[in-house]
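Examination of the molecular architecture
Read off the chains here:
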Amino acid sequence: MARNIDITLPDLSGKIALVTGASDGIGFIIASRLARAGAEVIMPVRNPAKGEQAADRIRDLVPEARVTTRALDLASLDSVTALTQQLEGEGRPINLLINNAGVMQPPSRLTTQDGFELQFGTNHLGHFALTQGLLPLLIKGKARVTHQTSIAARSGAINWDDLNWDRDYDVTKAYRQSKIAVGLFSRELDVRSAAAGWGITSNLSHPGISPTNLLSAQPGMGRKKDTGAVRMIRMLSRVRILGTPATAALPALLAATGPDARGGQFYGPDRADVGGAPAEQMLWPPLRDMDEARKIWEASERLIGARFPA
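Residues numbered from 1 in each chain as written. Predicted model: local features only at pLDDT ≥ 70, side-chain atom pairs only at ≥ 80, totals over all residues. Heavy atoms only, no water.

What to know about the packing of helix α4 (residues 118-140) against helix α9 (residues 290-304)
The geometry of α4 relative to α9 is characterised by a closest axis approach of 10 Å and an angle of 90° between their N-to-C directions. With respect to each other, α4 and α9 are oriented roughly perpendicular. Every residue of α9 that contacts α4 at Phe 120, His 124, Leu 125, Phe 128 and Ala 129 is listed here: Ile 296, Trp 297, Ser 300, Glu 301, Leu 303 and Ile 304. Here the contact of α4 with α9 is composed, by residue class, of 8 nonpolar, 2 polar and 1 charged. (Axes fitted to C-alpha atoms, helices over the stretch in contact; angles between N-to-C directions. Helix = DSSP H or I, 4+ residues; strand = E, 2+ residues; numbered from the N terminus. Parallel < 35°, antiparallel > 145°, perpendicular 65-115°, else oblique. Contact = heavy atoms within 4.5 Å. Nonpolar A, V, L, I, M, F, W, Y, C, P; charged D, E, K, R; others polar.)

Topic: the sheet that holds strand β2 (residues 40-45)
With mixed pairing, the 8 strands of this open sheet are ordered in space as β3-β2-β1-β4-β5-β6-β7-β8. Every interior strand has two partners, whereas the edge strands, β3 (66-71) and β8 (275-280), have only one. This sheet shows a mean twist of 20° between the axes of neighbouring strands, independent of strand direction. Contacts from helix α3 (residues 77-90) reach β1 (16-19), β2 and β3 within the one sheet, and its direction differs from that of β3 by about 135°. (Pairing = 2+ DSSP bridges.)

Some details on the pairing of β2
The buried count for β2 comes to 6 of 6 residues, which makes it a mostly enclosed element. Going residue by residue along β2, you find Glu 40, Ile 42 and Pro 44 tucked away on one face and Val 41, Met 43 and Val 45 tucked away on the opposite face as well. Sheet analysis places β1 next to β2, joined by 3 bridges and oriented parallel. Within the sheet, the bridge partner assigned to Leu 18 lies in β2 and is Ile 42. With respect to chirality, the unit in which β1 leads through helix α1 (residues 25-36) into the neighbouring parallel β2 is right-handed. In the sheet, β2 pairs with β3 via 6 bridges, with the strands oriented parallel. Considered in β3, the bridge of Val 45 is made with Ala 71. Taking the sense of rotation as the criterion, the β-α-β connection linking β2, helix α2 (residues 48-61) and β3 turns out right-handed. (Buried < 20%, exposed > 50% of the residue type's maximum accessible area, 1.4 Å probe, protein only. Right-handed = clockwise from strand over helix to strand, strands pointing away.)

So, the pattern of salt bridges
Across all of its chains, the model carries 10 salt bridges by this definition. Put simply, Asp 56 and Arg 59 hold a salt bridge, and the shortest N to O gap is 2.7 Å. Of this pair, Asp 56 and Arg 59 both sit in helix α2, 3 residues apart, which is roughly one turn of that helix. Among the residues examined, Arg 59 registers a relative accessible area of 29% and is labelled partly exposed. Each of Glu 40, Arg 66 and Arg 92 takes part in one network of salt bridges that share partners. (Salt bridge = Lys/Arg side-chain N within 4 Å of Asp/Glu carboxyl O.)

A short note on the side chain of Glu 188
With respect to the secondary-structure elements, Glu 188 resides in helix α5 (residues 171-196). Taking relative accessible area as the criterion, Glu 188 reaches 7% and is therefore assigned buried. In this view, Glu 188 contacts Met 290, Ala 293, Arg 294 and Trp 297; residues no more than four positions away in its chain are not counted.

Remarks on the nonpolar core
With 46 residues, the main nonpolar core has Leu 18, Leu 87, Leu 130, Leu 134, Leu 138 and Phe 308 as its most contacted residues. Mapped by element, the contributors of at least two residues to this core are β1, α3, α4, α5 and α9. Tallying contributions element by element places α4 first for this core, with 9 residues. When sequence neighbours within four positions are dropped, the list of residues in contact with Leu 138 reads Ile 94, Leu 97, Thr 131, Ala 143, Val 145 and Ile 200. In terms of nonpolar packing, the next biggest core, distinct from the first, is built from 34 residues, Ile 5, Ala 35, Ala 65 and Val 67 among them. (Core = buried A, V, L, I, M, F, W, Y, C linked by side-chain atoms within 4.5 Å.)

A short note on α3
Over its 14 residues, α3 extends 20 Å from the first C-alpha to the last, a length consistent with the 20 Å expected when each residue adds 1.5 Å. Residues Leu 77, Ser 79, Val 80, Leu 83, Thr 84 and Leu 87 constitute the buried set of α3. In a view along the axis of α3, the buried residues occupy a sector of 160°, so they form one face of it. Away from its buried face, by an angle of more than 90 degrees, α3 presents the exposed residues Asp 78, Gln 85 and Gly 89. Residue Gly 91 follows α3 closely and has a positive phi angle near 75°. (Expected span 1.5 Å × (residues − 1). Arc of directions from axis to C-beta.)

Re the packing of aromatic side chains
Following the criterion strictly, the structure yields 8 aromatic pairs and no others. Between Trp 198 and Phe 308, the ring centres sit 6.2 Å apart and the planes meet at 25°, which makes this aromatic pair stacked. You can see Trp 198 sitting in the loop between α5 and β6 (201-205) and its partner Phe 308 sitting in the segment after α9, a full 110 residues away along the chain. Neither Trp 198 nor Phe 308 differs from the other in exposure class; each is buried. Through successive ring pairs, a cluster of aromatic residues spans Phe 128, Phe 185, Trp 198, Trp 297 and Phe 308. Of note, Arg 57 hangs over the ring of Phe 28, and the distance from its end group to the ring centre comes to 3.9 Å. Of note, Arg 109 hangs over the ring of Tyr 169, and the distance from its end group to the ring centre comes to 6.0 Å. (Phe/Tyr/Trp six-rings, centres within 6.5 Å; stacked < 30°, edge-to-face > 60°. Lys NZ or Arg CZ within 6 Å of the ring centre and 35° of its normal.)

Pasting the structure below:
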């Protein structure tokens, strides 16, 4: 009989949490668990109707939940700026930021509204710009920032000669790059916060492998039907060889709320990276080089045209 895997969240009453990608899948579970623990949850979403449906589902699950949606398209720097300016105008500190949203392996090379390769532009640059724009509120809230990477980042490298994959496009290598960049950004943010006295801690999580929508049919991204991979993942999840969406959400929840979780740490499932209980893990080789972390930070600032404070 499969063991019941879960963690207990601390009381988050009075805390404000912002979770990207919370309208379905792992992000929805993260948002609903945070709301159940007492946090006020902000859900920035690309699809307003889908976002409101998700917020209503959370309110059904947690009648006392305080949850709101905001407009955000991580594939548009203008959209990111609009959200950060809106929240900065409200002036309320943000205590938890979970950079969870992502896209994976479109059927052909696509770009963001700003011309970046879609996976790198959304998974990394969109979240980099979001975190940069929210920095004053994160400093106010002495925030913990948790970044969701992927098992794909166990191998691969940053394509320094062509970050945008304008030549010799390889969708899998581009996805790996985007998730390696997320991990390196997480590490550099923690180092720079400590050096500058921002009071922010930044750590990293990955969900293992579970049946989410990343490889499902997504007509808006050009994928008309589920991939064979996601059908296999669903089958293996049902027999508990792989994780479920509920267990896949736990590493990010532990990283974001665990009383012993600290900046610079890395969390994932304890069973061969694919499933099981959340636990601290050793960093994968592509995420270890702090020179690479500094380089991706500086390159990202150049690409989005905005700098973090010194």
